[in-house]
Amino acid sequence: MIIDSHAHLSDERLIGRVGEICDGLDKEGIAAVFEVGYDLDSSKSALTLAERYDKIFAIIGTHPHDADKYDAECEEFYLSHACNRKVIAIGEIGLDYFYDKSARDIQRDVFAGQIELADRVKLPIVLHIRDAYGDAIDILNAQRSKLNSGVLLHCYSSSAEMIKQFNKFDCYYALGGAITFKNAKKDDVILSIPENRLLVETDCPYMTPVPFRGQPNEPKYVNLVVDKIAQVKGIERKKIEEMTLDNTKRLFFKYVK
């Protein structure tokens with residue numbers, strides 16, 4: 001079985017099919033799907049879906065794109081719902097200097113603040129980092145004493161060399177459909193991630209893997225990510241399934257609520 005560790009089923013391209021998607025998870029060998037928020041409204045939607053469907057779990061938080069909208073209402077919602085048994089992490093949080101939809105100083109402050117929030121509620125953090133790896137490492141270093149429940153780099157897109165820096169924080173790494181793209185050239189990254197820190201995801205409806213690029217992504221396509229990792233590592237697909245399932249459980253389900 002596989003866990004899709006990052007999905008956005010509340011997106012308008014998928015929300016009308018959530019029931020159908022969940023009904024097909026067993027057939028596709030998927031044990032669970034983690035629905036990820038990026039602002040207050042999407043975090044509320046994630047929690048709603050998690051409470052409605054047994055195999056969906058919620059990750060709540062504010063994305064760097066929306067850092068300028070992070071306020072006391074967001075913080076109160078995340079704090080007050082972190083004790084819900086279906087809420088398993090704070091995310092996706094971090095820095096995005098590619099689009100710069102929020103000012104960088106605000107992104108940094110909100111990122112640091114949500115790390116502290118996650119530590120208060122004893123939940124792991126799920127990071128979105130794009131074109132900002134240096135600043136991200138600086139913030140993690142400054143907040144090292146708050147990194148007590150685990151760190152996941154969602155859709156890891158930096159280099160194999162940078163993995164050595166993040167390993168200092170005992171990070172986990174999730175790979176998605178991008179590793180199947182023709183010009184991805186990510187074999188060295190796949191091989192550099194410690195086997196006990198590797199997860200898989202779809203980031204659906206985005207990042208649809210080959211050969212379905214151009215179509216909305218969905219959880220069943222996480223199987224193509226597993227296939228690619230097995231091919232690159234030269235080991236049986238079953239071992240990748242077992243490895244990533246164990247790693248995902250270790251990171252997200254270490255606390256019983």
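The model shown is predicted, which means the values in this text are computed figures rather than measured ones. (Residues numbered from 1 in each chain as written. Predicted model: local features only at pLDDT ≥ 70, side-chain atom pairs only at ≥ 80, totals over all residues. Heavy atoms only, no water.)

Visitor: Sorry if this is basic, but what is going on with the overall build of the protein here?
Guide: When helices and strands are tallied, the protein shows nine helices and eight strands. Relative to a compact globule of 257 residues, whose C-alpha radius of gyration would be 18 Å, the protein shows 17 Å and is just as compact. If one aligns the C-alpha atoms of the protein with their principal axes, the spans along those axes are about 45 × 40 × 35 Å. Of all 257 residues assigned to the protein, the portion counted as buried reaches 56%. Considering only contacts in the protein between residues 6 or more positions apart, those separated by 24 or more positions represent 75%. Separation between the mean location of the 34 positive side-chain charges and that of the 41 negative ones in the protein comes to 5 Å. (Helix = DSSP H or I, 4+ residues; strand = E, 2+ residues; numbered from the N terminus. Rg over C-alpha atoms; globule rule 2.2 N^0.38 Å. Buried < 20%, exposed > 50% of the residue type's maximum accessible area, 1.4 Å probe, protein only. Contact = heavy atoms within 4.5 Å. Lys, Arg positive; Asp, Glu negative; His and termini not counted. Charge placed at Lys NZ, Arg CZ, Asp CG, Glu CD.)

Visitor: Any chance you could explain the sheet that holds strand 4 (residues 87–96) here in plain terms?
Guide: Whether parallel or antiparallel, the strands of a sheet pair through hydrogen bonds between backbone atoms. The eight strands lie next to each other as 1-2-3-4-5-6-7-8, forming an open sheet whose pairing is parallel. Edge positions in the sheet fall to strand 1 (2–7) and strand 8 (198–200), since each of these pairs with one other strand and no more. Going from strand to strand, the sheet's axes swing by 30° on average, the running direction of each strand aside. Sheet analysis places strand 3 (residues 56–60) next to strand 4, joined by three bridges and oriented parallel. Within strand 4, the position partnered with Ala58 by the bridge is Val87. (Pairing = 2+ DSSP bridges. Axes fitted to C-alpha atoms, helices over the stretch in contact; angles between N-to-C directions.)

Visitor: When you look at the packing of helix 8 (residues 222–233) against helix 9 (residues 237–252) in this model, what are you seeing that I'm missing?
Guide: For any two helices packed against each other, one specifies the inter-axial angle together with the distance between the axes. Relative to each other, helix 8 and helix 9 sit at 115°, their axes nearing to 9 Å. Read as a crossing pair, helix 8 and helix 9 show a hand that is right-handed. Contact residues: Asn223, Val226, Asp227, Ile229, Ala230 and Lys233 in helix 8; Arg237, Ile240 and Glu241 in helix 9. (Left-handed = near helix turned anticlockwise from the far one by under 90°.)

Visitor: What is the right way to read the pairing of strand 7 (residues 172–175) from this model?
Guide: Regular strands place side chains that alternate from one sheet face to the opposite one. Taking every second residue as pointing to the same face, both faces of strand 7 are buried, with Tyr172 and Ala174 on one and Tyr173 and Leu175 on the other. Here strand 6 (residues 151–153) pairs with strand 7 via two bridges, running parallel. Each bridged residue has a counterpart across the sheet, and for Leu152 the counterpart in strand 7 is Tyr172. Between the parallel elements strand 6 and strand 7, the chain passes through helix 6 (residues 160–166) in a crossover that is right-handed. For strand 7 and strand 8, the ladder comprises three bridges, and the chain directions are parallel. Note that in strand 8 the partner of Ala174 across the bridge is Leu199. One crossover worth recording links strand 7 to the parallel strand 8 by way of helix 7 (residues 187–192), and it is right-handed. (Right-handed = clockwise from strand over helix to strand, strands pointing away.)

Visitor: Where do I start with the nonpolar core in this structure?
Guide: Proteins that are soluble and globular tend to have nonpolar side chains buried together. If you look at the biggest cluster of nonpolar residues, it comprises 70 residues, and the most contacted ones within it are Leu9, Phe111, Ile125, Leu127, Tyr156, Phe166 and Ile229. Beyond its immediate stretch of four places on either side in the chain, Leu9 contacts Leu14, Ile15, Val18, Ile21, Val33, Glu35, Leu49, Ile56, Cys204 and Pro219. With 16 residues, the next largest nonpolar core counts Phe57, Ile59, Ile88 and Leu251 among its residues. (Core = buried A, V, L, I, M, F, W, Y, C linked by side-chain atoms within 4.5 Å.)

Visitor: I'm lost on the pairing of strand 4 in this one. Help?
Guide: Most of strand 4 is tucked away, with ten of its ten residues classed as buried. With six bridges connecting them, strand 4 and strand 5 (residues 125–130) associate as parallel partners. When the sheet's bridge partners are listed, Asp96 is paired in strand 5 with Arg130. Read as a crossover between parallel neighbours, the route from strand 4 over helix 4 (residues 104–121) to strand 5 is right-handed.

Visitor: Mind showing me how you'd approach the side chain of His63 here?
Guide: Along the chain, His63 falls in the loop between strand 3 and helix 3 (72–81). Judged by its relative accessible area of 7%, His63 is buried. Of the polar contacts made by the side chain of His63, one reaches the side chain of His128; its length is 3.3 Å. Among all residues touching His63, those that are not within four sequence positions of it are Tyr38, Glu92, Asp96 and His128. (Polar contact = N/O pair within 3.5 Å; in protein donor to acceptor, adjacent residues only side chain to side chain.)

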